[in-house]
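What follows is each chain in one-letter form.
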Amino acid sequence: MLDELLHRVSNHTPRDLETDRRFPEAAVLVPITRSDEPELVLTLRASGLSTHGGEVAFPGGRRDPEDPDLIFTALREAEEEIGLPPGLVEVIGPLSPLISLHGIKVTPYVGVIPDYVEYQANDAEIAAVFSVPLEFFRKDPREHTHRIDYQGCSWYVPSYRFGEYKIWGLTAIMVVELVNLMFDAGIDLHTPPKTFINT
């Protein structure tokens with residue numbers, strides 16, 4: 001079942017990001033556990049970090065000049081941040097790149113990992129490593145919706161609450177693209193949901 005869903009990811013052509021200037025690049029790994037009930041592995045970034053401190057994110061970071069490609073960047077950062085050995089990751093393919101609030105072009109790469117990994121969080125960067133069942137996001141149980149005006153259009157981005165963790169912003173946009181792709185979830189980021197109140 002999981003392989004059928006991942007086949008959709010591998011055949012996916014991500015949206016191209018048309019920009020008139022070159023942004024610094026970063027990559028994140030979107031790890032899915034190979035299990036009967038697949039889960040997404042996420043991190044809570046340490047509160048003292050200069051960017052995105054205290055926020056939920058996928059493991060990843062800026063591309064180093066010596067990184068041969070962005071897949072290498074995503075795997076290197078995942079190993080540095082949560083101790084995930086690159087050899088355990090089966091890279092499936094990219095999702096659409098996004099520009100962060102800090103002006104960085106971030107490309108997500110979906111990867112499958114075993115469900116028995118013992119993570120070693122890098123305390124300087126990561127406060128916690130946790131996982132969320134993919135099924136949770138498929139139902140779009142948003143706590144509320146953030147409207148973000150970007151590149152001439154409005155995005156209505158869900159904010160999810162899973163236990164003590166708030167999943168929102170760029171990470172939520174990546175999650176929505178993934179569950180739409182895998183499950184035909186039909187979550188529309190460009191139309192306000194019925195519950196949206198324009199304040």
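Computed from a predicted model, the values in this text were never measured in an experiment.

Participant: Can you help me understand the overall build of the protein in this one?
Facilitator: Per the secondary structure count, the protein includes four helices and eleven strands. Taking 2.2 N^0.38 as the reference for a compact globule, 199 residues should give roughly 16 Å; the C-alpha atoms of the protein span a radius of gyration of 16 Å, in line with that estimate. Taken over the C-alpha atoms alone, the protein extends approximately 45 × 40 × 35 Å along its principal axes. For the protein, the residues scored as buried account for 47% of the 199 residues in total. By element, 49% of the accessible surface of the protein is carried by carbon and sulfur atoms, the whole surface being about 10,400 Å².

Participant: Can you help me understand the packing of helix α1 (residues 2-10) against helix α4 (residues 169-183) in this one?
Facilitator: Each pair of packed helices gets described by two things: the angle between the helix axes and the distance between those axes. At a minimum axis separation of 8 Å, α1 and α4 run at an interaxial angle of 115°. α1 and α4 meet at a crossing whose hand is right-handed. Counted together, L2, L5, L6, R8 and V9 of α1 and L178, L181, M182 and F183 of α4 form the full contact between these two elements. Of the residues contributing to the contact of α1 with α4, the split by class is eight nonpolar, no polar and one charged.

Participant: In this structure, what is going on with the side chain of E177? I would like to understand it.
Facilitator: Looking at where E177 falls in the secondary structure, it is placed in helix α4. Within the structure, E177 has its side chain in polar contact with the side chain of H12 (distance 2.8 Å). Ignoring any residue separated from it by four or fewer positions in sequence, one finds E177 in contact with H12, R15, L95 and S96.

Participant: What should I look at first to understand the nonpolar core in this one?
Facilitator: The nonpolar side chains of a soluble globular protein tend to be buried with one another. Counting residues in each nonpolar core, the largest one holds 41 residues, and the members touching the most others are I32, L40, L178 and M182. A total of ten residues in this core trace back to one element, the largest contributor, which is α4. Excluding anything up to four places from it in sequence, L40 contacts V30, P31, I32, F58, F130, S131, V132, L134, F137, V175 and L178. With 13 residues, the next largest nonpolar core counts A27, V41, A74 and L75 among its residues.

Quick notes on the rules
- Residues numbered from 1 in each chain as written.
- Predicted model: local features only at pLDDT ≥ 70, side-chain atom pairs only at ≥ 80, totals over all residues.
- Heavy atoms only, no water.
- Helix = DSSP H or I, 4+ residues; strand = E, 2+ residues; numbered from the N terminus.
- Rg over C-alpha atoms; globule rule 2.2 N^0.38 Å.
- Buried < 20%, exposed > 50% of the residue type's maximum accessible area, 1.4 Å probe, protein only.
- Areas by Shrake-Rupley, 256 points an atom, 1.4 Å probe, with all protein chains shown as cover.
- Axes fitted to C-alpha atoms, helices over the stretch in contact; angles between N-to-C directions.
- Left-handed = near helix turned anticlockwise from the far one by under 90°.
- Contact = heavy atoms within 4.5 Å.
- Nonpolar A, V, L, I, M, F, W, Y, C, P; charged D, E, K, R; others polar.
- Polar contact = N/O pair within 3.5 Å; in protein donor to acceptor, adjacent residues only side chain to side chain.
- Core = buried A, V, L, I, M, F, W, Y, C linked by side-chain atoms within 4.5 Å.

These figures come from the coordinates and say nothing about function on their own.
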